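# Notes for the structure review
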Amino acid sequence: MTERTGQVGVRPGVRPDSGPGGPGAVRARRPKGRPLLYTAYAQDMALLDTRAKKAGLALLLGAAVLLSGLPDDLLVLLAAGYVAAIGAIGLNIVTGYAGQVSLGHAFFVAVGAYTAAAVSGDPGGRTLGFGITSMLVWLPAAGAAAALAGVLVAPLAARLRGLYLAIVTLGLVFLGEHVFKEWDHLTGGPGVGRPAAVPELFGFRFDADSALGTRAQSLYMLMLVLLVVFAVAARNLARSRIGRAFSAIRDRDIAAEVIGVPLTRYKTLAFAISSGYAGCAGALMYTVTGFFDPGSFNLLMSVQFIAMVLIGGVATVSGAIAGALFVTLLPRITQELPALLPFVSADTTQTPNVFQIQVALYGLLIVLFLVFEPRGLFGIWIRARAYWKSWPFSY
Amino acid sequence: MTGGAREAVPPVLKVEDVGLAFAGVKAIDGVSFEVAPAELFAVIGPNGAGKTSVFNVLSGVYRPQRGTVTFLGEDVIGRPPHRIAAMGLARTFQNVELFHNLTVLDNLMLGRHHHFGYGPLQALLWLGRARREELAARARVEDIIDFLDLAAWRRHPVRLLPYGVQKRVELGRALAMEPRLLLLDEPVAGMNLEETEDMARFVLDIRDELGVPVVLVDHDMGLVMDLADRVLVLDFGRPVALGTPAEVQRDPKVVAAYLGGAP
Ligand SMILES: Nc1ncnc2c1ncn2[C@@H]1O[C@H](COP(=O)(O)OP(=O)(O)OP(=O)(O)O)[C@@H](O)[C@H]1O
Ligand SMILES: [Mg+2]
């Protein structure tokens, strides 16, 4: 929504009539050389409203596909980044768009991960499993289960605001950690874990080498496609009546209610959709590693998702993706630190070690972005774009 | 003036003996009035007289301890604000309450929120119905942008706009709701002469061209006396006078209230 505020709109010349042909029946073409002249509202309201945006996205997608030629370990890392991006887009819906700060995202990720793992798990195995390996079943099931959990939590959001809501949703993470550690039959128990969902679609296994490519390549392409689907859906949501209502609640809740937005219903919806995204991300997250442990769904995971949203840019889908990639790739960079800085240790028992530095870096980056660039990476991109647009007359 | 034929048609809004108190402070104390179709009704009174509180009761933000409010023949007390809004009650706020990070366009589109029928799934997929309804809504909103002369600001986040323009956007958002009754809380407060005249013209057009009845609160006495069909004067939450502008102006109690010596 805020992604398009920068440009100056030119009055649309043609009104889509609301007669039998229906609005939007007029399909007008943009005259050459006038990129900001819209001749129909449909054109003005399109997701990619200028040729530059279309070209940019095509380029980006092309590059992402070409990246599948990278070494397998990097591909696996990027695939994990794409999955994290789905989760971050979800958190951005409830926190960025609807303004409800949630520290409970890791809990919803866990609900999705365990639902998917249980649905697709081996019925004869050590842990709970129903043996339905088709993604078409376990992915929606994971999303639905997590969305339902979101709906159950939402009444809290209707009563609590800001910091109070943050603290209560934090409680959810602790509660979940406890339940998942105790419920051995589902989770395999701490330190042991259980197999993740099986990424299978129409008989094709994405987690195995095939004629189409290596295991890493298949997983990479799968996650890329899914990320695009989830991102487009989120953009659609953002520009719809529902996304607008979310932003209205965030900006001024009393006024939102007085113009006809039911607060409780929309806060519930925001939690449901956000958790649904988290659930799908959770379901996919461990198909890459194949195994997961109940200890993974802790406060650090929630904080990482918050970091992705804040670093990437609040209330933008592209920002959440950028933030997720940044945060996912960060450990890879800090891993190199011991080689560069002799006082940093790779051993967790020593101080300072890489992991401590990672956690501190998340915190530091959040603070830096909040203070210097509240719009996150997205804001930096907007500024860079403005710079080049006005070049050579920059300031 | 529409005052003459008032008794024949049922009123759009009927307020009877409403009382509202905050921890002992009586914000509204026994207020009754009716608004006829296409009437321009004004509520005036000194600071703290209870004018905004009346609006908050009408739109469901406050729940009065006594009295009834009937809007389009239905009792609305106890209904949540969004339900009353969906019935066709729109309002603006004394201190502009826009959605600051959203553009003018999105603020106006939000006014149409309850006119949409599509749900979350259609929104995520941007299926036929969502697309169709958004386009139709956009066309209606563009009419309002035309009417209020907001075209130049269409894509600007409202927080960046001058105060006078924000007031106009807020009026536009209320109009986008296609209201059956419009409540305006000090629409010209803080405006210069030119902006005030523009706003007065808009208010008259809304009543005359769109036929929407308006309840207006303002401190600008000249404006109220020029525009209103009837005026209700409040002081310390109590009704002091009710009548045509000329009648009210002659009333000694009104003069006393405004000079500070309440009866
Ligand atoms: N939420 C509230 N809590 C406590 N007291 C309130 C509240 N809202 C209004 N009041 C009190 O009710 C009385 C009437 O206030 P109101 O805002 O309705 O006056 P007003 O006529 O709109 O005044 P103004 O011309 O200054 O806008 C005041 O004494 C005010 O302090
Ligand atoms: Mg007031």
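None of these values were measured; they are calculated from a predicted model. (Residues numbered from 1 in each chain as written. Chains lettered and ligands numbered in written order. Predicted model: local features only at pLDDT ≥ 70, side-chain atom pairs only at ≥ 80, totals over all residues. Heavy atoms only, no water.)

Another aspect to go through is the nonpolar core. Membership of the largest hydrophobic core comes to 166 residues, with the highest contact counts inside it found for Phe246 and Tyr277 of chain A together with Leu182 of chain B. Two domains each donate at least three residues to this core, and these are domain 1 (4-88 + 179-259) and domain 2 (104-174) of chain B. For Tyr277 of chain A, the contacting residues outside a window of four places in its chain are Ile86, Ile89, Gly90, Ile93, Phe230, Ala233 and Ala234 of chain A together with Leu124 of chain B. (Core = buried A, V, L, I, M, F, W, Y, C linked by side-chain atoms within 4.5 Å. Buried < 20%, exposed > 50% of the residue type's maximum accessible area, 1.4 Å probe, protein only. Domains from an automatic or database assignment. Contact = heavy atoms within 4.5 Å.)

In many reports, interface size means the accessible area that the parts give up when they come together. Residue and element names in this part refer to chain B. Per the domain assignment, the segments making up chain B are domain 1 (4-88 + 179-259) and domain 2 (104-174). Relative placement of domain 1 and domain 2: their C-alpha centres are 27 Å apart. Looking at the side of domain 1 facing domain 2, the largest losses of area belong to Met191, Met199 and Phe202, adding up to 38% of the total buried there. For the pair domain 1 and domain 2, the number of links is zero salt bridges. Remark: the boundary between domain 1 and domain 2 carries two residue pairs in polar contact (both at pLDDT 80 or more). Broken down by secondary-structure element, the contributors of at least two residues to the side of domain 1 that touches domain 2 are helix 2 (81-87), strand 7 (181-185) and helix 7 (193-208). In terms of residues, the side of domain 1 that touches domain 2 owes the most to one element, helix 7, which gives five residues. The residue makeup of the side of domain 1 that touches domain 2, split by class, is 11 nonpolar, one polar and four charged. (Buried area = accessible area lost by both parts, 1.4 Å probe. Salt bridge = Lys/Arg side-chain N within 4 Å of Asp/Glu carboxyl O. Polar contact = N/O pair within 3.5 Å; in protein donor to acceptor, adjacent residues only side chain to side chain. Helix = DSSP H or I, 4+ residues; strand = E, 2+ residues; numbered from the N terminus. Nonpolar A, V, L, I, M, F, W, Y, C, P; charged D, E, K, R; others polar.)

On to the packing of aromatic side chains. Residue and element names in this part refer to chain B. Summed over all chains, the structure comprises 16 aromatic pairs over all chains. A centroid spacing of 5.0 Å and a plane angle of 75° characterise the contact between Phe22 and Tyr62, whose relative ring orientation is edge-to-face. With Phe22 in strand 1 (residues 13-22) and Tyr62 in the loop between helix 1 (51-58) and strand 4 (66-71), the pair connects residues that are 40 residues apart, well separated along the chain. For Phe22, a relative accessible area of 36% corresponds to the partly exposed category. Of the residues examined, Tyr62 reaches a relative accessible area of 29% and is grouped as partly exposed. Taking 5.7 Å as the distance between ring centres and 75° as the angle between the ring planes, the aromatic pair formed by Phe116 and Tyr118 counts as edge-to-face. As far as the burial class goes, Phe116 and Tyr118 line up, both buried. (Phe/Tyr/Trp six-rings, centres within 6.5 Å; stacked < 30°, edge-to-face > 60°.)

Right, let's talk about the pairing of strand 1 of chain B for a bit. Each regular strand displays side chains that alternate between the two surfaces of the sheet. All names here are of chain B. Relative to strand 4, strand 1 is paired through five bridges, and the arrangement is antiparallel. Bridge pairing links Val15 to Val69 in strand 4. In this sheet, strand 2 (residues 25-35) lies alongside strand 1 in antiparallel orientation, the contact comprising eight bridges. Pairing of Leu13 across the sheet is with Val35, part of strand 2. (Pairing = 2+ DSSP bridges.)

Taken together, the 46 residues of chain B in the interface contact 42 residues of chain A. Where chain B abuts chain A, roughly 4100 Å² becomes buried across the two surfaces, and 62% of that area is made up of carbon and sulfur atoms. Broken down residue by residue, the surface that chain B buries against chain A is led by His113, Leu124 and Arg155 of chain B, which jointly contribute 18%. The tally of links between chain B and chain A comes to two salt bridges. One salt bridge in this structure joins Glu97 of chain B and Arg252 of chain A, with 2.7 Å as the shortest N-O distance. The interface formed by chain B and chain A holds 10 residue pairs in polar contact (both at pLDDT 80 or more) in total. Those elements giving two or more residues to the side of chain B that touches chain A turn out to be helix 2, strand 6 (89-91), helix 3 (104-111), helix 4 (120-125) and helix 5 (128-147) of chain B. Counting residues per element, the side of chain B that touches chain A draws most heavily on helix 5 of chain B, at 10 residues. Of the residues assigned to the side of chain B that touches chain A, the class counts are 24 nonpolar, nine polar and 13 charged.

Turning our attention to the site of ligand 1. Residues and elements named next belong to chain B. By nearness alone, 13 residues border ligand 1, and Gly48, Lys51, Thr52, Ser53 and Gln94 come closest of all. Contact between ligand 1 and Lys51: an oxygen atom at 2.8 Å from a side-chain N or O atom of the residue. Take Thr52: an N or O atom from its side chain is 2.7 Å from an oxygen atom of ligand 1. Surface burial for ligand 1 is 64%, taken as the share of its 630 Å² of free accessible area covered by protein chains. A per-element tally of the shell around ligand 1 places helix 1 first, with three residues. Here the residues of the shell around ligand 1 are counted per class, giving four nonpolar, seven polar and two charged. (Near = heavy atom within 4 Å. Areas by Shrake-Rupley, 256 points an atom, 1.4 Å probe, with all protein chains shown as cover.)

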